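Remarks on the overall topology
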Amino acid sequence: MGYISKLDMRFLTYMNRKYRDKNVKFEYYDDYALFLYDLCKKDDEEYYICLEEDLREYVEMQSGKEK
């Protein structure tokens, strides 16, 4: 994933970088949530697993614990 400035810590900025290969641009959280739900083939359990992974990655990026 590309460089994200430490001054720009917004969740949607991080998700835009993560999913830029899918040619998406999230303006609102709802855009991201609908995209992720479609990406998970409308499977509720898979959606929540992916959402948790994305949130965990975002928090690790904020705390500097990225892998």
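Quick look at the structure, then.

1. Considering the pattern of salt bridges
Scanning the model with the defined rule gives four salt bridges in all. One salt bridge connects E57 with K18, and the closest N-O pair in it is separated by 2.9 Å. With a gap of 39 residues between them, E57 in helix α3 (residues 44-63) and K18 in helix α1 (residues 11-18) connect regions that are remote in the sequence. Within this structure, K18, D54 and E57 form a network of salt bridges that share partners.

2. Re the packing of α1 against α3
Contact geometry of α1 with α3 gives a least axis separation of 11 Å together with a crossing angle of 110 degrees. As the angle between them shows, α1 and α3 are arranged roughly perpendicular. In this structure, the crossing between α1 and α3 has a hand that is right-handed. For the pair formed by α1 and α3, the contact residues are F11, Y14, M15 and K18 on the first element and D54, L55, E57, Y58 and M61 on the second. A class-by-class count of the residues in the contact of α1 with α3 yields six nonpolar, no polar and three charged.

3. As for the state of the cysteines
Taken as a whole and assessed by the stated rule, the structure comprises zero disulfides. No disulfide involves C40; its sulfur sits 3.2 Å from that of C50, the nearest cysteine. Overall, the relative accessible area of 14% leaves C50 in the buried class.

4. Thoughts on α1
Most of α1 sits inside the fold, with six of its eight residues counted as buried. Taken residue by residue, α1 has F11, L12, T13, Y14, M15 and N16 as its buried positions. Next to the buried residues of α1 lie α2 (29-39) and α3.

5. Things to note about the environment of Y14
Mapping Y14 onto the fold places it in helix α1. In the structure, Y14 is positioned 40 residues away from D54 in sequence and 9.4 Å away in space, judged by C-alpha atoms.

Rules behind the numbers
- Residues numbered from 1 in each chain as written.
- Predicted model: local features only at pLDDT ≥ 70, side-chain atom pairs only at ≥ 80, totals over all residues.
- Heavy atoms only, no water.
- Salt bridge = Lys/Arg side-chain N within 4 Å of Asp/Glu carboxyl O.
- Helix = DSSP H or I, 4+ residues; strand = E, 2+ residues; numbered from the N terminus.
- Axes fitted to C-alpha atoms, helices over the stretch in contact; angles between N-to-C directions.
- Parallel < 35°, antiparallel > 145°, perpendicular 65-115°, else oblique.
- Left-handed = near helix turned anticlockwise from the far one by under 90°.
- Contact = heavy atoms within 4.5 Å.
- Nonpolar A, V, L, I, M, F, W, Y, C, P; charged D, E, K, R; others polar.
- Disulfide = S-S within 2.5 Å.
- Buried < 20%, exposed > 50% of the residue type's maximum accessible area, 1.4 Å probe, protein only.

All we've got here are geometric facts, nothing functional implied.
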